[in-house]
Amino acid sequence: MPASLLAADPLLDTDDWWWQVLAIVAGKVLAIFVIGLVGTMFMVWFERKIVSGMQNRVGPNKAGPFGLLQTLADGTKLFFKEDLLPDKADKWVFRLSPFLAFVPAFLLWAVIPLGGDFTNGNDGTVTMFGYETRVQLVDVPIGILLVLALSSIGVYGIMLAGWASGSKYPLLGSVRATAQMISYEAALGLSLAAVLLMSGTLSTAGIVQGQDSLLDWNVVATGFIPFVVFLIAMTAELNRPPFDLVEAEQELVGGFNTEYSSIRFALFFLAEFMNVITMSAIMVTLFFGGPQPLKLGDLQLGGIVEDGNIFAWAGPLSGTIWVVLKTLAFLYAYVWFRATLPRLRYDQLMDFGWKLLIPIALGWFLVLAALEMVRDRYDGWEPLAITVVISLVVLGIAYGLFSLAMGVAKRNREQEGPAY
């Protein structure tokens, strides 16, 4: 069977379907499942400890050393709590919604390269039990489109949960989730389009392979702005502070999950924290080279450090260590956001998405497209410099016209007065 039909994994491009091949695939699936659950458990502990440190509190410290088992204790408690089902709820959709939020968070791990050697033009394949394969479950040719699809499905779980609860506060939370998804999905897609423009592929492994050095990392190659837009838009998509308006307890009691309890509430809880880990790994893959090392020049140290890779001693696990460290940096940033930034008002949330992020992402994508076109057709730096100057002038004029339109609209609203 051709590899292109089976996730482009060399392991599966064989006519010898022995039990070893199936065992390796099953082992990958089990590893992803365990990594997802254990990582989520530690993410809850990590967030509570970091926030408590920033707010000069102790945090969990009773269950297990340093409170490490507190999340396990909380999860066990939720399993044994009463599972409530409101009388006015749409029972089938009410039961289905937590899985629509939880399952996509797991499936996204399938397309993330979690290791492998991508340096010096290598394609990331490793030898495992005598077979060549990837440290990745699947590498579908349209991996990034799969990421967008699954991230959107996760929002459906929140929307349907609020609608199916038969209560006004969860319904308001689901309406907010709908508007928030529409507002920030466009900016997210445009920032992702910038990465695809520079990479020339939809494969996650292909995107990582093209980021062979620090200057080739997409955070640098795309000019940093698409990364900032992607980070902010993804924070809104994940309903993380300061964009957690779908579950604003001061306004909506608990938002979309108000009527949920026991294991169904736990699934929403797990999905939220797992999505933070998953999307952090996605950002590492798209903008920071994934398993690619942060090379320290041509430093060599007798097999311990090779080609500037300080984790060369780990062999095939070197890329995995880099993925973990880069992901931890983003997880800390998300906790930092939660501890320091106040929640936006809803009108600020909408204005920020439509009037700032989308114009910036679209304008910068057009600049990158123009530069790529000029780079392909002409040699030398002069055409690129002229293109940059023209692009900046056009963006400046567009910004001025946009600001003028916004000012006119604001004055008209002030003259008309409040609608209600």
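Keep in mind it's a predicted model, so treat the numbers as computed, not measured. (Residues numbered from 1 in each chain as written. Predicted model: local features only at pLDDT ≥ 70, side-chain atom pairs only at ≥ 80, totals over all residues. Heavy atoms only, no water.)

J.: Kindly report on the packing of helix α1 (residues 19-54) against helix α2 (residues 70-80), identifying the contributing residues and their values.
T.: Remark: α1 packs on α2, axes separated minimally by 8 Å, with the N-to-C direction vectors making an angle of 115°. Two packed elements cross with a definite hand, and for α1 against α2 that hand is right-handed. Between α1, through Met41, Val44, Trp45 and Arg48, and α2, the contact on the second element is made entirely by Gln70, Thr71, Leu72 and Asp74. Looking at side-chain class alone, the contact of α1 with α2 contains 4 nonpolar, 2 polar and 2 charged residues. (Axes fitted to C-alpha atoms, helices over the stretch in contact; angles between N-to-C directions. Helix = DSSP H or I, 4+ residues; strand = E, 2+ residues; numbered from the N terminus. Left-handed = near helix turned anticlockwise from the far one by under 90°. Contact = heavy atoms within 4.5 Å. Nonpolar A, V, L, I, M, F, W, Y, C, P; charged D, E, K, R; others polar.)

J.: Can you break down the nonpolar core residue by residue, with the values?
T.: Ranked by size, the top nonpolar core spans 76 residues in total, and within it Met43, Phe227, Phe230, Leu286 and Phe287 carry the most contacts. Among the elements of the structure, α1, α3 (91-107), α4 (143-164), α5 (168-199), α8 (225-237), α10 (262-287), α11 (318-340) and α12 (346-377) are those that each provide at least two residues to this core. Ranked by residues supplied to this core, first place goes to α10 with 14 residues. Once residues within four sequence positions are removed from consideration, Met43 is found in contact with Phe273, Val276, Ile277, Leu331 and Val335. (Core = buried A, V, L, I, M, F, W, Y, C linked by side-chain atoms within 4.5 Å. Buried < 20%, exposed > 50% of the residue type's maximum accessible area, 1.4 Å probe, protein only.)

J.: Outline the packing of aromatic side chains, supporting the account with residue identities and numerical values.
T.: Under the definition given, this model contains 18 aromatic pairs. Ring centres 4.0 Å apart and planes at 5° place the aromatic pair Phe94 and Tyr260 in the stacked group. Of the two residues, Phe94 is situated in helix α3 and Tyr260 in the loop between α9 (249-252) and α10; the sequence distance between them amounts to 166 residues. The residues Phe94 and Tyr260 share a single accessibility class, namely buried. Judged by centre distance (5.1 Å) and plane angle (85°), the rings of Phe102 and Phe106 are edge-to-face. Here Phe106 and Phe102 lie together in helix α3, a separation of 4 residues that amounts to about one turn. Residue classification places Phe102 among the buried positions, given a relative accessible area of 11%. Three or more aromatic residues joined by ring pairs make a cluster, and in this case those are Trp217, Phe224, Phe227, Phe230, Phe287, Phe288 and Phe330. (Phe/Tyr/Trp six-rings, centres within 6.5 Å; stacked < 30°, edge-to-face > 60°.)

J.: Account for the side chain of Thr285, with residues named and values stated.
T.: In this structure, Thr285 sits in helix α10. A relative accessible area of 3% places Thr285 in the buried class. One polar contact links the side chain of Thr285 to the main-chain carbonyl oxygen of Ala281, over a distance of 2.9 Å. Dropping the residues within four chain positions of it, Thr285 is found in contact with Ile112, Pro113, Thr204, Ile207, Val208, Gln211 and Gly290. (Polar contact = N/O pair within 3.5 Å; in protein donor to acceptor, adjacent residues only side chain to side chain.)

J.: With reference to specific residues and values, describe the confidence of the model for the chain.
T.: When the pLDDT values of the chain are averaged, the result is 82; 91% of them are 70 or greater. Within the chain, α8 carries the highest mean pLDDT (91), whereas α9 carries the lowest (71). Within the model, pLDDT remains below 50 along residues 1-7, and this stretch shows 15 contacts once partners closer than five positions in the same chain are excluded. (pLDDT = per-residue confidence, 0-100.)

J.: Explain α12 residue by residue, including any values.
T.: Counted at 1.5 Å a residue, the expected span for α12 with its 32 residues is 46 Å, and the 46 Å between its end C-alpha atoms agrees. The sharpest bend along α12 reaches about 30° and sits at Phe352. Within the span of α12, buried status applies to Leu349, Met350, Gly353, Leu357, Ile358, Ala361, Gly363, Val367, Leu368, Leu371, Glu372 and Val374. (Expected span 1.5 Å × (residues − 1). Bend = angle between axes of the 7 residues up to and from the residue.)

J.: Can you tell me about the side chain of Gln70, naming the residues and giving the values?
T.: Structurally, the position occupied by Gln70 is in helix α2. We classify Gln70 as buried; its relative accessible area is 19%. Discounting residues that sit within four places of it in the chain, Gln70 has contacts with Arg48, Pro60 and Ala63.

J.: Which residues make up the pattern of salt bridges, and what are the values?
T.: Taken as a whole and assessed by the stated rule, the structure comprises 8 salt bridges. Its salt-bridge partner being Arg48, residue Asp74 comes within 3.2 Å of it at the nearest N-O pair. You can see Asp74 sitting in helix α2 and its partner Arg48 sitting in helix α1, a full 26 residues away along the chain. You can call Asp74 partly exposed: its relative accessible area is 25%. A salt bridge links Asp351 to Lys355, with the shortest nitrogen-to-oxygen separation between them at 3.4 Å. Taken together, the residues span about one helical turn, with Asp351 and Lys355 both in helix α12 at a distance of 4 residues. (Salt bridge = Lys/Arg side-chain N within 4 Å of Asp/Glu carboxyl O.)

J.: I'd like a rundown of the pairing of strand β2 (residues 131-134), residues and numbers included.
T.: The sheet contact formed by strand β1 (residues 125-128) and β2 spans 4 bridges and is antiparallel. Across the sheet, Thr125 pairs through a bridge with Arg134, a residue of β2. Linking β1 back to β2 in an antiparallel pair, the connection comprises 2 residues, with Phe129 at a positive phi of about 55°. (Pairing = 2+ DSSP bridges.)

J.: I'd like a description of the environment of Met43, backed by residues and values.
T.: Along the chain, the position of Met43 falls in helix α1. Expressed as a C-alpha distance, the spacing of Met43 and Ile277, which sit 234 residues apart in the sequence, is 7.7 Å.

J.: Let's hear about the environment of Ala161: which residues, and what values?
T.: Take Ala161: it is sitting in helix α4. Residue Ala161 is classed as buried on the basis of its relative accessible area of 0%. Sequence separation between Ala161 and Asn257 is 96 residues, and the spatial gap between their C-alpha atoms is 6.8 Å. With residues up to four places along the chain from it excluded, the contact list for Ala161 reads Ser97, Phe256, Tyr260 and Phe268.

J.: I'd like a description of a nonpolar patch on the surface, backed by residues and values.
T.: A cluster of nonpolar side chains, namely Leu30, Phe33, Val34, Leu37, Val38 and Phe42, defines an oily patch on the protein surface of about 490 Å² accessible area. On the secondary structure map, Val38 appears in helix α1. The class for Val38 is partly exposed, based on a relative accessible area of 36%. (Patch = residues over 30% accessible without salt bridge, like charges linked within 9 Å, V, L, I, M, F, W, Y side chains within 5 Å. Areas by Shrake-Rupley, 256 points an atom, 1.4 Å probe, with all protein chains shown as cover.)

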